[in-house]
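Letter by letter, the chains look like this.
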Amino acid sequence: MKFNTKTIHGGQKHEEATGSVSTPIFQTSTFAQTQPGINRGYEYSRISNPTRKALENSLAAIENGTHGLAFASGLAAIDCVLRMLNPGDEVIAGNDLYGGTYRMFTKLFQKYGFKFRFVDMQDATNVTNAISDATKLIWIETPTNPLLKIADIEKIVTTAKAKNPNILVGVDNTFATPYLQRPLDLGADIVMHSATKYIGGHSDLIMGALVVKDAQLAKELHFIQYAAGAVAGPMDSFLALRGIKTLHLRMQRHSENSKAVASFLNEHPKVSAVFYPGLESHSNHEIAKKQMNDFGGMVSFRLKDASIEAAHTFLKNTKIFTLAESLGGVESLMSHPITMSHASIPEEERLELGITNSLIRLSIGVEDVEDLMKDLEQALTK
Ligand SMILES: *Cc1c(COP(=O)(O)O)cnc(C)c1O
């Protein structure tokens, strides 16, 4: 099956009892047993639930994996991966990770004796140089938030595994989705999603996912999933499964609209810089072109007026773009990293990463792009 068919049919079968074409919401905590210990494949919904199972099979199919796991949030999915490690083990991660992941690593796991090294992953040699005997996991995010930097997944995997084949490589594929890039095909061991974003696609749920292609790894992760218990509920699983059925259509439009918006901003006299991997001026454009099928729906830019007031004026004056955290829904959103997602990062580090007063991040929705550009134009000239 090709990708667009997989989003709709991958890992799916009609429900057995009635033939229901749409996967029912099995809103149940438990399942009747015919004899003690004898069941029909399901015993308790923390361990497994048919609606969640259908979603997990779909996730595995679209990421070219063999096993999917759905969690209560994206962070719960990352937490599950970290729980495979032991105190003293080292993790190498990008130096501009999603804020919540950085917080989990440094504020939760660090105190249990886990070690973290943060490096600039635009250059794969930074990763290889950071590997020590204690390194167990490399955690990649690409494209990154909010500057859309790109890491070369295949190169990082190849050089890291040449040094130590037992190192696991995990990729947070939230921004790209499997429509744009499939990390397991590039040699990664684990793919992770905040399904809250593009997988769900409608800003109506919080959910996380992992996909792997190794049965032993799947078994270990499934054990942690039900032993720790942060599973996705049946209703949310239904919504995510429904979201996946239009993932290819949405990602195509998100990418198309973003390309138009990025070029528009690039030409605009009130804008000093645009960050979009699809622009030839983007510093990782070549890797992006090689690694991704298209460039996705996230665009960041800097206003020429570097004052925080100018940013606030812009953010107050849009009519279609909504000021809100999150991304990846059908509607266009915008955020101000310095006062929102990155507010807790010390100023010096923030500036080093390029997160300035006038940096604005857009999650481009699937509306008519002419309306989006008109909205940006009137807010930019207010
Ligand atoms: C939102 C997000 C997360 C966290 O996911 P939640 O569903 O909010 O727990 C992790 N990584 C990236 C890149 C994200 O955008």
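Going by what an unreviewed UniProt entry lists, the chain is known as Cystathionine gamma-synthase and is assigned to Tenacibaculum pelagium. Per UniProt, the chain has the following entry under Cofactor (unreviewed entry): "pyridoxal 5'-phosphate". Among the UniProt annotations of the chain, the heading Sequence similarities (unreviewed entry) holds the following wording: "Belongs to the trans-sulfuration enzymes family."

Q: Honestly, the sheet that holds strand β11 (residues 333-335) in this entry has me stumped. Any pointers?
A: Strand pairs in the sheet, formed through backbone hydrogen bonds, run parallel or antiparallel to each other. Strand order in the open sheet made by the five strands is β8-β9-β12-β11-β10, with mixed pairing throughout. The strands lining the two open edges of the sheet, one partner per strand, are β8 (271-275) and β10 (322-323). Bridging between β11 and strand β12 (residues 359-363) involves three bridges; their strand directions are antiparallel. The residue of β12 that forms the bridge with M334 is L362.

Q: Help me understand helix α10 (residues 247-267) in this model?
A: Because each turn of an α-helix spans 3.6 residues, side chains separated by three or four positions end up pointing in the same direction. Along its 21 residues, α10 runs 30 Å from first to last C-alpha, staying within 8% of the 30 Å computed at 1.5 Å per residue. Listing the buried residues of α10 in full gives L247, H248, R250, M251, H254, S255, N257, S258, V261, A262, F264 and L265.

Q: Sorry, what's going on with the nonpolar core here?
A: Note that soluble globular proteins tend to have their nonpolar side chains buried in a common cluster. Membership of the largest hydrophobic core comes to 61 residues, with the highest contact counts inside it found for L265, F301, F314 and L362. A total of six residues in this core trace back to one element, the largest contributor, which is α10. When near neighbours in sequence (up to four residues on either side) are disregarded, L265 contacts V271, V274, V299, F301, L362, L376 and L380. Listed in part, the 29 residues of the second largest apolar core include L85, L168, M192 and L210.

Q: Got a minute to help me understand the packing of aromatic side chains in this structure?
A: To describe a pair of aromatic rings, you give the distance between the ring centres and the angle between the ring planes. Taken as a whole, this structure holds ten aromatic pairs when the rule is applied. Between the aromatic rings of F109 and F114, the centroid separation amounts to 5.1 Å while the plane-to-plane angle is 75°, which identifies the pairing as edge-to-face. Residue F109 is classed as buried on the basis of its relative accessible area of 6%. Of the aromatic side chains, those joined through ring pairs into one cluster are Y102, F105, F116 and F118.

Q: Sorry if this is basic, but what is going on with the side chain of E90 here?
A: With respect to the element layout, E90 can be found in strand β2 (residues 90-94). For E90, a relative accessible area of 10% translates into the label buried. Within the local environment of E90, its side chain forms a polar contact with the side chain of R117, the two groups lying 3.2 Å apart. Setting aside chain neighbours within four positions, we find E90 in contact with K115, R117, A130, S132, A134, T135, K136 and L137.

Q: How should the UniProt feature "modified residue: N6-(pyridoxal phosphate)lysine" (unreviewed entry) in the chain be read in this particular structure?
A: Mapped onto the present numbering, the UniProt feature "modified residue: N6-(pyridoxal phosphate)lysine" (unreviewed entry) falls on K197. Its place among the elements puts K197 in the loop between β6 (190-194) and β7 (208-212). The class for K197 is buried, based on a relative accessible area of 9%. The residues contacting K197, other than those within four sequence positions of it, are Y98, T174, S326, L327 and G328.

Q: Which parts of the structure should I look at to understand the site of the ligand?
A: S73, G74, L75, Y98, D172, T174, F175, S194, T196, K197 and M207 make up every residue found near the ligand. Here an oxygen atom of the ligand and a backbone polar atom of L75 are 2.9 Å apart. At 2.7 Å, a side-chain N or O of K197 approaches an oxygen atom of the ligand. Burial of the ligand by the protein amounts to 93% of the accessible area it has alone, namely 370 Å². Of the residues in the shell around the ligand, the class split is four nonpolar, five polar and two charged.

Q: What exactly am I supposed to notice about the side chain of H193 here?
A: Within the secondary structure, H193 is located in strand β6. Owing to a relative accessible area of 0%, H193 belongs among the buried residues under this scheme. Here the side chain of H193 touches E63 through a polar contact of 2.7 Å, side chain to side chain. H193 has contacts with E63, G74, N173, T174, T177, P178, I199, M207, G208 and A209, leaving out every residue within four places of it along the chain.

Q: What's the story with the pairing of strand β3 (residues 115-119) in this structure? I'm lost.
A: Two strands pair when backbone bridges link them, and β2 and β3 are joined in this way by five bridges, in the parallel orientation. Bridge assignment links E90 to a residue of β3, and that residue is K115. In this fold, the crossover linking β2 to β3 by way of helix α4 (residues 99-109) has right-handed handedness.

Q: What's the story with the sheet that holds strand β4 (residues 135-141) in this structure? I'm lost.
A: Here we have seven strands laid out as an open sheet, ordered β1-β7-β6-β5-β4-β2-β3, and mixed in their pairing. Either end of the sheet is taken by a strand with one partner, and the two such strands are β1 (67-71) and β3. For this sheet the average axis-to-axis angle between neighbouring strands, irrespective of direction, equals 20°. Strand direction decides the pairing type here: β1 and β7, joined by five bridges, are antiparallel. From the neighbouring strand, A70 faces β7, where its bridge partner is A209.

Cut-off values and rules
- Residues numbered from 1 in each chain as written.
- Predicted model: local features only at pLDDT ≥ 70, side-chain atom pairs only at ≥ 80, totals over all residues.
- Heavy atoms only, no water.
- UniProt positions renumbered as here; feature names shortened; annotations may be inferred.
- Pairing = 2+ DSSP bridges.
- Helix = DSSP H or I, 4+ residues; strand = E, 2+ residues; numbered from the N terminus.
- Expected span 1.5 Å × (residues − 1).
- Buried < 20%, exposed > 50% of the residue type's maximum accessible area, 1.4 Å probe, protein only.
- Core = buried A, V, L, I, M, F, W, Y, C linked by side-chain atoms within 4.5 Å.
- Contact = heavy atoms within 4.5 Å.
- Phe/Tyr/Trp six-rings, centres within 6.5 Å; stacked < 30°, edge-to-face > 60°.
- Polar contact = N/O pair within 3.5 Å; in protein donor to acceptor, adjacent residues only side chain to side chain.
- Near = heavy atom within 4 Å.
- Areas by Shrake-Rupley, 256 points an atom, 1.4 Å probe, with all protein chains shown as cover.
- Nonpolar A, V, L, I, M, F, W, Y, C, P; charged D, E, K, R; others polar.
- Right-handed = clockwise from strand over helix to strand, strands pointing away.
- Axes fitted to C-alpha atoms, helices over the stretch in contact; angles between N-to-C directions.

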